[in-house]
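Close look at the chain arrangement
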Amino acid sequence: MTDCQGDGEGTMSPMELFEKLNAQGEKVRSLKSAKAEKGEIDAAVQLLLKLKVDYKQMTGQDYKAGCPPSENLIMSNNGPAADDCDGEDLVDPWNVSASSTKGVDYDKLIVRFGSSKIDKELLERIEKVSGQRAHHFLRRGIFFSHRDMHQILDAYEKHKSFYLYTGRGPSSEAMHVGHLIPFIFTKWLQDVFDIPLVVQMTDDEKYLWKDLTLEECHRFTVENAKDIIACGFDVNKTFIFSDLDYMGASPQFYRNVVKVQKHVTFNQVKGIFGFTDSDCIGKISFPAIQAAPSFSSSFPQIFGGKKDVPCLIPCAIDQDPYFRMTRDVAPRIGLLKPALLHSTFFPALQGAQTKMSASDPNSSIFLTDTPKQIKNKINKHAFSGGKDTVEEHRKYGGNTEVDVSFLYLTFFLEDDEKLEKIKEDYTSGALLTGELKKILIETLQPMIAQHQERRKQVTDEMVQQFMTPRPLNYKF
Ligand code: TRP
């Protein structure tokens, strides 16, 4: 159990204590099922009871597996709890909003979610094991948090490979640059580790959550798949699937969904996702469908029925609730817990307080935008950390921590030295907001144009190929 970061109960947050209790409960169960010595079981049970008392003292609530402390009820998609949490950032699969203009406090999120920081040591290990310089998303803390990445690397060093799993909820035809972040990074991981990738298109999820027809959701899957393919994935190593198609076509996939469904209660998903009695039952059971691709046995055509190929999921941190649930169930259904790499959010043009929304055309740069639209949007809408007048700006300098143009450059300007120089000059006042915006415009215009060019090359046959269940090439 590596999820517990606390170095003593006294310094633990309720969430950490909750995770520790989960771990201890799991330990007791596994000792019992392994028919361990009575003394050993008794000691584990004693510790479990002690933790339960501590938990009650700390939170005033009884510990219940699967129901995180109510501080965590901010994981709510429609409950009022979200507004009750003063100064807390709200992060769940459907909402992201920060209480500060600097955006979400990611260090706090790591503590609350019980994940681990991607520190210098892990970065160095990734470089050593992959033999490549770490991607700038890693170097710059854009992928900032993980679960069990060390285990993945330990295994890989021993020539035990793994596979990648990521996904996209196709809620509209238009994808924006923020949507590309996990895919750009996943492509890099696929290249440096030379491993297979599965991409789940949750058209079912979008049908359940949005006011869209099944046909629309399925069409968005195909359109979005083209943008994903345009990121350069290797067709011999990549399987993209629509839930609406694959769920019915793959008995092994559906079997894993059902296993997960049997081991998660309504209470648990209420606690994790904030579902209420009036949410449709499709939503309530959906998390099992997002969990299933974490298990290699869901893809017999790729893994030949192997149950034990480890899975690594690169995703934005708002998807973590799904995989906390998955990791909780996995050992109970005899399967491996997936490992995770979490990214921060891509800020809206208006500021780092929210993530971009596909429904507000001015909140983001779309992959279909023309050079002129890119220029206008950035000039008009990109939140500036500069001062109001040139005189003041020259005197006091700008603030790169809240300046959206600068933040975007940390995502897309690969040259570290250039970026550092821009930061210095903007902070000192030598570089004006208009000049900074110009650098961003000139970075994004060719990048988007190249994406559009690559997307044009993606034919319907290619999409078909990527989306056909088939064996993939990999060497393990
Ligand atoms: N639920 C995600 C969304 O709405 C899509 C998704 C499915 C996903 N499986 C995933 C994202 C795995 C990251 C990793 O976008």
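Before reading on, note that the structure itself is shown above.
What you see is a predicted model, and the numbers here were worked out from it, not measured in a lab. (Residues numbered from 1 in each chain as written. Predicted model: local features only at pLDDT ≥ 70, side-chain atom pairs only at ≥ 80, totals over all residues. Heavy atoms only, no water.)

1. Structural notes on the overall build of the protein
How we decide: Helix and strand assignments follow DSSP, with helices taken as H or I runs no shorter than four residues and strands as E runs no shorter than two, numbered in order from the N terminus. For the radius of gyration, the atom set is restricted to C-alpha positions; the globular benchmark scales as 2.2 Å times the number of residues to the power 0.38. The rule is simple: take the accessible area with a 1.4 Å probe, protein chains only, and divide by the maximum for that residue type; under 20% is buried, over 50% is exposed, in between is partly exposed. Throughout, a contact is declared for two residues whenever any of their heavy atoms are within 4.5 Å. Note that accessible areas follow from Shrake-Rupley with a 1.4 Å probe, and for residues the cover is restricted to the protein chains shown. Here the positive residues are Lys and Arg and the negative ones are Asp and Glu; neither His nor the chain ends is included. Charged side chains are reduced to one point each, which is NZ for Lys, CZ for Arg, CG for Asp and CD for Glu.
Helix and strand counts for the protein stand at 22 helices and 11 strands. Here the C-alpha atoms of the protein give a radius of gyration of 23 Å, agreeing with the 23 Å that 2.2 N^0.38 yields for 476 residues. With the C-alpha coordinates of the protein rotated into their principal frame, the extents come out at 75 × 55 × 50 Å. Within the protein, the fraction of its 476 residues that count as buried is 54%. A separation of at least 24 residues holds for 75% of the contacts in the protein among residues at least 6 apart in sequence. For the protein, the exposed area adds up to about 21100 Å²; of that, 52% sits on carbon and sulfur atoms. Between the mean site of the 59 positive side-chain charges and the mean site of the 66 negative ones, the protein shows a separation of 3 Å.

2. Details of the packing of helix α5 (residues 120–130) against helix α7 (residues 149–157)
Put simply, the rule is: Here, axes are lines fitted to C-alpha atoms. For helices the fit covers the stretch in contact, and angles between N-to-C directions go from 0 to 180 degrees. Comment on the angle field: the value is read as roughly parallel under 35 degrees, roughly antiparallel over 145, roughly perpendicular from 65 to 115, and oblique elsewhere. Helix crossings are classified by the rotation of the near helix relative to the far one: an anticlockwise turn of less than a right angle makes the crossing left-handed, while a clockwise turn makes it right-handed.
Relative to each other, α5 and α7 sit at 25°, their axes nearing to 11 Å. The angle between the axes of α5 and α7 places the two elements in the roughly parallel class. As α5 packs across α7, the resulting crossing turns out to be left-handed. Contacts from E121, L122, R125, I126, K128 and V129 of α5 reach α7 at M149, H150, L153, D154, Y156 and E157.

3. A closer look at the packing of aromatic side chains
Spelled out, the test is: Stacked, edge-to-face and tilted are the three classes for Phe, Tyr and Trp ring pairs, Trp counted by its six-membered ring, which pair at centre distances within 6.5 Å; planes under 30 degrees apart are stacked, over 60 edge-to-face, the rest tilted. A ring is scored as having a charge over it whenever the NZ atom of a lysine or the CZ atom of an arginine sits within 6 Å of its centre and within 35 degrees of its normal.
Under the defined criterion, the tally for this structure stands at 36 aromatic pairs. Between F241 and Y246 the ring centres are 5.1 Å apart and the planes differ by 50°, which places this aromatic pair in the tilted class. One aromatic cluster is present, formed by F137, F143, F185, W188, F346, Y408, F411 and F412 through successive ring pairs. Over the ring of F113 we find R324, and its NZ or CZ is 4.4 Å from the ring centre.

4. Examining α5
Cut-off, in case you're wondering: Directions are taken from the helix axis to each C-beta atom, and the arc is the one they span.
Of the residues making up α5, those classed as buried are L122, L123, R125, I126, V129 and S130. Down the axis of α5, the buried side of the element spans an arc of 160°, and every buried residue falls inside it. Turned more than 90 degrees off the buried face of α5, the exposed positions are K120 and K128. Those residues of α5 hidden inside the fold are in contact with α6 (136–139), β4 (143–147), α7 and α8 (177–193).

5. Structural notes on the pairing of strand β8 (residues 311–316)
What counts here: One requirement defines pairing of two strands: DSSP has to find at least two bridges between them.
The buried count for β8 comes to six of six residues, which makes it a mostly enclosed element. Burial of β8 is two-sided: the residues C311, I313 and C315 facing one way and the residues L312, P314 and A316 facing the other way are all buried. Bridge count for strand β5 (residues 163–168) against β8 is two bridges, and the pairing is parallel. Paired with Y163 across the two strands is C311, which belongs to β8.

6. Focus: helix α14 (residues 281–291)
When you tally the buried positions in α14, you get nine out of 11 residues, the bulk of the element. Residues of α14 that are buried: G282, K283, I284, F286, P287, A288, I289, Q290 and A291.

7. Quick notes on the site of the ligand
Inclusion rule: Only a single heavy atom is needed: when it lies within 4 Å of a molecule or strand, its residue is near that molecule or strand. For the purposes of these results, a polar contact is taken to be a pair of N or O atoms within 3.5 Å, where, inside protein, one atom must be able to donate a hydrogen and its partner to accept one; residues adjacent in sequence count only when each atom of the pair is a side-chain atom.
Taken together, 14 residues surround the ligand, and among them Y165, Q200, E205, Q290 and Q319 come closest. At 2.9 Å from a nitrogen atom of the ligand is found a side-chain nitrogen or oxygen belonging to Y165. At 2.9 Å, a side-chain N or O of E205 approaches a nitrogen atom of the ligand. Taking 370 Å² as the accessible area of the ligand by itself, protein coverage stands at 90%. Of all the secondary structure elements, the ones that give two or more residues to the shell around the ligand are β5, α9 (203–209) and β8. Per-element accounting of the shell around the ligand gives the leading share, four residues, to β5.

8. Details of the pattern of salt bridges
Inclusion rule: Should a side-chain nitrogen of Lys or Arg be within 4 Å of a carboxyl oxygen of Asp or Glu, the pair is scored as a salt bridge.
Tallying each qualifying case throughout the model produces 29 salt bridges. Here D194 ties to K237 by a salt bridge, and the two come within 3.3 Å at their closest N and O atoms. Taken together, the positions of D194 in the loop between α8 and β6 (197–201) and K237 in the loop between α10 (214–229) and β7 (238–242) put the pair 43 residues apart, joining distant regions of the chain. Note on D194: relative accessible area 26%, which makes it partly exposed. Assessed through its relative accessible area of 15%, K237 is described here as buried. Through salt bridges with shared partners, a single ionic network connects E223, K226, D227, R455 and D460.

9. Quick notes on the sheet that holds β6
Pairing within the open sheet is mixed, and its seven strands lie in the order β3-β4-β9-β8-β5-β6-β7. Looking along the sheet, the strands with just one partner apiece sit at the ends: β3 (116–117) and β7. Sheet topology note: the β5/β6 ladder contains five bridges and is parallel. From the neighbouring strand, R168 faces β6, where its bridge partner is M201.

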